[in-house]
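The residues making up each chain are set out below.
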Amino acid sequence: QFVREGIERLSYSFASTTGAEIVLYRFEPGLFSFTFDYATSVKRISEWKTQNPSSIFVINGVYFHEDGLPSGFLVSGGKRIGTRQFDLDKTGIIDLSPTVHVFAVSPQRASSLFSLKEAAQSYPFLIRSGRVAIKTDSGLSARRSFVGTDWKGRVYFGVLPYVQLSLFELAIQLDAVPVSWENVMNLDGGPSSGLAYGSPDISELIDSYIAVPNVIVVKHAKTL
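This one's a predicted model, so the numbers in the text were calculated from it and none came from an experiment.

**Student:** I would appreciate a short explanation of the environment of Ser46 in the present structure.
**Tutor:** For Ser46, the position within the fold is in helix α1 (residues 45-50). Judged by relative accessible area, which is 23%, Ser46 ranks as partly exposed. Once the C-alpha coordinates of Ser46 and Ala110 are considered, the two residues, 64 residues apart in sequence, prove to be 35 Å apart. Setting aside chain neighbours within four positions, we find Ser46 in contact with Leu205 and Asp207. Within the structure, the side chain of Ser46 is placed 2.7 Å from the side chain of Asp207, a separation counted as a polar contact.

**Student:** Could you clarify how one ought to interpret the nonpolar core in this entry?
**Tutor:** Across soluble globular proteins, nonpolar side chains show a tendency to be buried alongside one another. Ranked by internal contacts, the top residues of the largest apolar core, which has 31 residues, are Phe27, Phe34, Phe57 and Phe157. Taken together, the elements giving at least two residues each to this core come down to β3 (21-27), β4 (32-43), β5 (55-60), β14 (155-159), β16 (195-198) and β18 (212-220). Not counting residues up to four positions away in its chain, the partners in contact with Phe157 are Val23, Leu24, Tyr25, Phe27, Phe34, Phe57, Ile59, Phe146, Val147, Ile216 and Val218. Grouped together as the second largest cluster of nonpolar side chains are 22 residues, Leu24, Phe146, Leu167 and Val179 included.

**Student:** Before we go on, may I ask you to explain the sheet that holds β18 in this structure?
**Tutor:** For sheets, the rule is that strands pair by backbone hydrogen bonds, running either parallel or antiparallel. The strand order β4-β18-β5-β16-β17 describes an open sheet built from 5 strands, whose pairing is antiparallel. With one partner strand each, in any of the chains shown, β4 and β17 (203-206) form the two edges of the open sheet. Neighbour to neighbour, the strand axes of the sheet diverge by 20 degrees on average, direction disregarded. Across 8 bridges, β4 lies against β18 in antiparallel orientation. If you follow Lys43 over to β18, its bridge partner there is Val212.

**Student:** How do you make sense of the pattern of salt bridges when you look at a structure like this?
**Tutor:** Where charged atoms from two side chains of opposite charge come close, those side chains can pair. On inspection of all chains with the given rule, the structure shows 6 salt bridges. The partner of Asp207 in a salt bridge is Arg44, with the nearest N and O atoms 3.5 Å apart. With Asp207 in the loop between β17 and β18 and Arg44 in the loop between β4 and α1, the pair connects residues that are 163 residues apart, well separated along the chain.

**Student:** What am I meant to see in the side chain of Thr149 here?
**Tutor:** Examined against the element boundaries, Thr149 turns out to sit in strand β13 (residues 145-150). Among residues more than four places away in sequence, those in contact with Thr149 are Val100, Arg154, Tyr156, Trp181, Glu182 and Asn183.

**Student:** Please explain unusual backbone geometry as it appears in this structure.
**Tutor:** Glycine aside, a negative phi is what most residues show, and trans is what most peptide bonds show. With omega at 10 degrees, the peptide bond leading from Ser97 into Pro98 counts as cis. Mapping Pro98 onto the fold places it in the loop between β8 (92-95) and β9 (101-103). Of note, the phi angle at Ser129 is positive, near 50 degrees, even though the residue is not glycine. Its location among the elements puts Ser129 in the loop between β11 (125-128) and β12 (131-132).

**Student:** Looking at this structure, how should I read the environment of Ala142?
**Tutor:** Tracing the backbone through its elements, the reader meets Ala142 in the loop between β12 and β13. Taking C-alpha positions, Ala142 is 25 Å from Leu88, a pair spaced 54 residues apart along the chain. Discounting residues that sit within four places of it in the chain, Ala142 has contacts with Leu160, Val163, Gln164, Leu165 and Gly190.

What counts as what
Residues numbered from 1 in each chain as written. Predicted model: local features only at pLDDT ≥ 70, side-chain atom pairs only at ≥ 80, totals over all residues. Heavy atoms only, no water. Helix = DSSP H or I, 4+ residues; strand = E, 2+ residues; numbered from the N terminus. Buried < 20%, exposed > 50% of the residue type's maximum accessible area, 1.4 Å probe, protein only. Contact = heavy atoms within 4.5 Å. Polar contact = N/O pair within 3.5 Å; in protein donor to acceptor, adjacent residues only side chain to side chain. Core = buried A, V, L, I, M, F, W, Y, C linked by side-chain atoms within 4.5 Å. Pairing = 2+ DSSP bridges. Axes fitted to C-alpha atoms, helices over the stretch in contact; angles between N-to-C directions. Salt bridge = Lys/Arg side-chain N within 4 Å of Asp/Glu carboxyl O.

Shown next as structure tokens:
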């Protein structure tokens with residue numbers, strides 16, 4: 001479904017059960033800016049969208065502790081948020097600026113993280129170099145959210161709005177959709193999962209069940 005220039009909404013049903021779908025928003029990267037936003041006071045996705053009136057799209061961000069600080073590396077606006085960091089060999093990096101890249105960093109290149117301006121750690125890879133990256137099924141089901149890129153550099157954000165899947169099941173379903181994936185990274189899913197899209201043309205809210213302290217925000221490049 002065409003939404004507006006540079007944005008498409010895609011929905012893929014994967015079972016006969018009502019609501020068994022993956023909702024994706026696809027962005028042409030050159031037309032938009034992508035940033036992490038962080039606040040000491042947690043908010044649901046609907047509140048984040050309201051408090052970012054120039055935003056086109058908001059989705060929940062990365063893992064966080066009870067103190068609201070990120071569980072892994074996070075830098076927003078060139079400022080490091082918190083001090084925690086996951087093991088690099090077990091995670092990946094979501095780099096949003098100047099355009100979106102999802103990639104792995106070896107421990108030997110850890111210092112390269114500090115040159116990033118809008119980036120965070122998350123895990124696991126769902127798709128890596130075009131292939132399903134999860135080999136075993138934990139059987140643990142939840143709502144899910146994710147970010148990814150295809151081989152043309154287009155950017156995707158998505159959620160499971162109404163059903164729960166394991167990470168393995170989600171990776172299998174993503175591999176089946178007609179997208180030429182390059183890399184896809186899991187975000188902080190479960191009750192944190194949610195997205196909001198709003199423009200003069202159309203709006204959609206899949207709200208998070210709980211409030212979250214960090215999100216990914218998409219704005220039209222002209223609003224910068």
